[in-house]
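What follows is the residue order along each chain.
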Amino acid sequence: MLYLKEANAEDIEKEYEFITNRPENENGFENHNFGCSRKDFENEILPKFINYSKGIGLKDGHVPETYLFLWDDDTIVGMFKLRHFLNEFLANGAGHIGYGIKKEYRGKGYATEGLRLTLEKAREIVKEDEIYMSVRKDNPASLRVQLKNGAYIHHEDEEEFYTRIRK
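These notes cover the structure that comes with them. (Residues numbered from 1 in each chain as written. Predicted model: local features only at pLDDT ≥ 70, side-chain atom pairs only at ≥ 80, totals over all residues. Heavy atoms only, no water.)

## Notes on the packing of aromatic side chains
Step number 1: Tallying each qualifying case throughout the model produces seven aromatic pairs.
Step number 2: Ring plane angle 85° and centroid distance 5.7 Å describe the contact between tyrosine 105 and tyrosine 110, whose orientation is recorded as edge-to-face.
Step number 3: Here the guanidinium or amino end of lysine 5 rests over the ring plane of tryptophan 71, the centre of that ring lying 5.8 Å away. (Phe/Tyr/Trp six-rings, centres within 6.5 Å; stacked < 30°, edge-to-face > 60°. Lys NZ or Arg CZ within 6 Å of the ring centre and 35° of its normal.)

## Details of the sheet that holds strand β8 (residues 152–156)
To summarise the sheet geometry, strands pair through backbone hydrogen bonds and adopt either a parallel or an antiparallel arrangement.
Step number 1: Read across the open sheet, the three strands follow the order β7-β9-β8; overall the sheet is antiparallel. Across the chains shown, the open sheet's two edge strands, defined by having one partner strand only, are β7 (130–136) and β8. Averaged over all pairs of adjacent strands, the angle between their axes in this sheet comes to 30°, without regard to strand direction.
Step number 2: Where β8 lies against strand β9 (residues 160–166), four bridges are found, and the strand directions are antiparallel. (Pairing = 2+ DSSP bridges. Helix = DSSP H or I, 4+ residues; strand = E, 2+ residues; numbered from the N terminus. Axes fitted to C-alpha atoms, helices over the stretch in contact; angles between N-to-C directions.)

## With respect to the packing of helix α1 (residues 12–21) against helix α2 (residues 38–52)
Step number 1: In the contact formed by α1 and α2, the axes pass within 11 Å of each other and the chain directions differ by 95°. Relative to α2, the element α1 lies roughly perpendicular. Contact residues: α1 offers Ile12, Glu13, Glu15, Tyr16 and Ile19, while α2 offers Arg38, Phe41, Glu42, Leu46 and Phe49.
Step number 2: Taken together, the residues of the contact of α1 with α2 sort by class into six nonpolar, no polar and four charged. (Parallel < 35°, antiparallel > 145°, perpendicular 65-115°, else oblique. Contact = heavy atoms within 4.5 Å. Nonpolar A, V, L, I, M, F, W, Y, C, P; charged D, E, K, R; others polar.)

Everything listed is a geometric property; what it means functionally is a separate question.
Next up, the structure:
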């Protein structure tokens, strides 16, 4: 069964394994915690993930965001970040939702279903009339995932498409 679960201490081992095995930057999805130690993950990173969803401990200019792991039964197959609202930087860039699927699970519908589930949650949290996202032009699979979930291309630049999904 496929479901989303917020970052939590109960699943620390699987969350740690997922985070530390994701590349630092893949298709525009940055992993600032690549290669972190288990101790740092437990004592600093995971508490940050949990607190950020509550708006606690945010750096200047950052907005609350919820870290959601996509599970297939007892295996984490992907991660979605849901920003609760946008500042000017996010409105002109990454938007509300960023996501990544583990390489071995790509092409199997996980991103499409994970985004659908994340959009359900976003519709409860996001204040804006549309949900903003972006996708690098060299990642057509991710663009297809967004389009399948009702996105349209709002505008583009040399490197990215900026998509929107009406709530």
